[in-house]
Structure formats: C-alpha cells, structure tokens
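Breakdown of the fold
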Amino acid sequence: MSIRATNQADVIPLRPLPAAAPALPREPLWRDLVGEVLRRERQAQGRTLKDVAEAARISMPYLSEVERGLKEASSEVLAAAAQALGLSLADVLALAGERLVSLTAARSRPRSLGSSAAGGRRSVRSTGPAGSAGAMRPSGPTGGVLLLAA
C-alpha cells in the first residue's frame, strides 16, 4: 500500500444531499424583453428593419442588435425606436413589463409549495386617480413606496 492510499479517507456526508431540482429557465433580461416588444411590433406593422431604423435615425445593425437583446439601448434610442413605430416609450416599457410578469409567474409556479395563498406577494393598491399609474403603496397604514421583485 502506498502512502497516498493510506492518507485518503472515506467521506461520509452528515446530511443527505438534496435531490437535484429541475433547473429553472434563466431570469429574463430587460434588454431581451424590450427587444422582443420592438421586433414584435415592427413585424405586426409589416415594416422592415431598414424602414424603422431610418425613421428612428439609428443604424440598422444597431436596431437589429437591440431587437435581438444583444445591446442595452439607452432611453433615447428606445424612445426613438418607439416613436418610429407609433408608440410611446411608456407603451414599450409597459409591454415589456407585462411580458416580464408573465415569465416570472411561469418561473415561480413549480416552486410555490411553501408560499402563501397569495403567491408570496403582498397586496398593493394604487394611490393615484382611478386608471392612472400612481405610486404603489402597501395596503397597511404605514404608507411608503413598496417595490415588488418577483
């Protein structure tokens, strides 16, 4: 028996190893979601990448990279692309936000066994006028702004 063999010990785990959980899809990136919205809207209008890029006054290769989620566009570029598509920047961001919520909800469903009946989220209400996007506040008496991260 060699010295190397005598210096090796058997390792006995104190706790059983957790069962391998199925891998969840990666967290969606904001640039992917915004690009998806821009591309979907452009295609729905039957417009070419060249047409929209010229109307937005940005290069066609750059717009293509933004649509594919390869570039993180500035707010000015996003506003120009949105305007070229007849949308506001708020429209693009709202559509991307809706997509993020739906993807996040789909990601969290399989592992929601230990969460509450409300899906582990606190209730919030808008304090602005009806139909407006006012600040989100907890429904309790403490006030303050509550940011939800799903």
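Residues numbered from 1 in each chain as written. Predicted model: local features only at pLDDT ≥ 70, side-chain atom pairs only at ≥ 80, totals over all residues. Heavy atoms only, no water.

1. Focus: the overall build of the protein chain
Rules: Each helix is a run of H or I in the DSSP string that is no shorter than four residues. Each strand is a run of E no shorter than two, and both are numbered from the N terminus. Per-residue accessibility, obtained with a 1.4 Å probe over protein chains only, is compared with the maximum for each type, and a residue is labelled buried under 20%, exposed over 50%, and partly exposed between these values. Contact between two residues is taken to exist if any of their heavy atoms lie within 4.5 Å; hydrogens are not considered. For every accessible area listed, the method is Shrake-Rupley and the probe measures 1.4 Å; residues are considered covered only by the protein chains on display.
Looking only at helices and strands, one finds 6 helices and 2 strands in the protein chain. Of the regular secondary structure in the protein chain, the N- to C-terminal order runs α-α-α-α-α-α-β-β. Expressed as a percentage of the 150 residues in the protein chain, the buried residues total 21%. Sequence separation of at least 24 residues holds for 54% of the intrachain contacts in the protein chain that already meet a minimum separation of 6. Surface exposure of the protein chain reaches about 11,000 Å², of which carbon and sulfur atoms provide 58%.

2. Observations regarding helix α2 (residues 30–44)
Quick reminder of the rule: Here a helix's expected span is defined as the number of its residues, less one, multiplied by 1.5 Å.
An ideal rise of 1.5 Å per residue puts 21 Å on 15 residues; α2 measures up with 21 Å between its terminal C-alpha atoms. Taken residue by residue, α2 has L33, V34, G35, V37, L38 and R42 as its buried positions. Its buried side turned inward, α2 meets α3 (49–56), α4 (60–67), α5 (75–84) and α6 (89–108). Trailing α2 by a residue or two, G46 shows a phi angle of about 70 degrees, which is positive.

3. A look at the environment of S59
Short version of the rule: Two N or O atoms form a polar contact when they lie within 3.5 Å of each other; inside protein one atom must be a possible hydrogen donor and the other a possible acceptor, and for residues adjacent in sequence the pair counts only when both atoms belong to side chains.
Positionally, S59 belongs in the loop between α3 and α4. A sequence separation of 10 residues divides S59 from L49, and the C-alpha atoms of the two residues are 9.7 Å apart. Here the side chain of S59 touches Y62 through a polar contact of 3.2 Å, landing on its backbone nitrogen.

4. Observations concerning the nonpolar core
Here is the rule: For our purposes a nonpolar core is just a set of buried Ala, Val, Leu, Ile, Met, Phe, Trp, Tyr and Cys residues, chained together by side-chain atoms within 4.5 Å.
Core analysis: the largest hydrophobic core is formed by 21 residues, its most contacted members being V34, L38, L63, L78 and V92. Elements represented by at least two residues in this core include exactly α2, α3, α4, α5 and α6. Residue contributions to this core peak at 5 residues, all from α5.

5. Description of α5
Let me state the cut-off plainly: The directions from the helix axis to the C-beta atoms are what the arc is built from.
Those residues of α5 that fall on the buried side of the exposure criterion are V77, L78, A81, A82 and A84. The arc that holds the buried residues of α5, viewed along the axis, is 160 degrees, so those residues lie on one side. Facing away from the buried side of α5 by over 90 degrees, the exposed positions are E76 and Q83.

6. A look at the confidence of the model for the protein chain
Segments scoring low in pLDDT should not have their predicted coordinates read at a detailed level. Heads up, the rule is: The predictor reports its confidence for every residue as pLDDT, a score running from 0 up to 100.
Per-residue pLDDT for the protein chain has a mean of 76; in total, 61% of the residues score no lower than 70. Under a pLDDT of 50 for its full length, residues 112–146 has, in the predicted model, 30 contacts with residues more than four places off or in other chains.

7. Focus on the packing of α2 against α4
Stated formally: Under this scheme, a helix contributes an axis fitted over its contacting stretch, all axes are lines through C-alpha atoms, and angles between N-to-C directions fall in the 0 to 180 degree range. All amino acids are sorted into three groups, where Ala, Val, Leu, Ile, Met, Phe, Trp, Tyr, Cys and Pro are nonpolar, Asp, Glu, Lys and Arg are charged, and the leftover types, Gly among them, are polar.
Remark: α2 packs on α4, axes separated minimally by 7 Å, with the N-to-C direction vectors making an angle of 115 degrees. Note on element contacts: α4 touches α2 through S64, V66 and E67, opposite R31, G35, E36, L38, R39 and R42. Looking at the contact of α2 with α4 residue by residue, the class counts come to 2 nonpolar, 2 polar and 5 charged.

8. Details of the pattern of salt bridges
The condition that has to hold: By definition, a salt bridge exists where a carboxyl oxygen of Asp or Glu is found within 4 Å of a side-chain nitrogen of Lys or Arg.
Here the structure, examined in full by the defined rule, presents 6 salt bridges. The salt bridge partner of R31 is E72, with a shortest N-O separation of 3.8 Å. With a gap of 41 residues between them, R31 in helix α2 and E72 in the loop between α4 and α5 connect regions that are remote in the sequence. On the accessibility criterion, R31 (30% relative accessible area) is partly exposed. Notably, a salt bridge pairs R39 with E67, separated by 3.0 Å at the nearest N-O pair.

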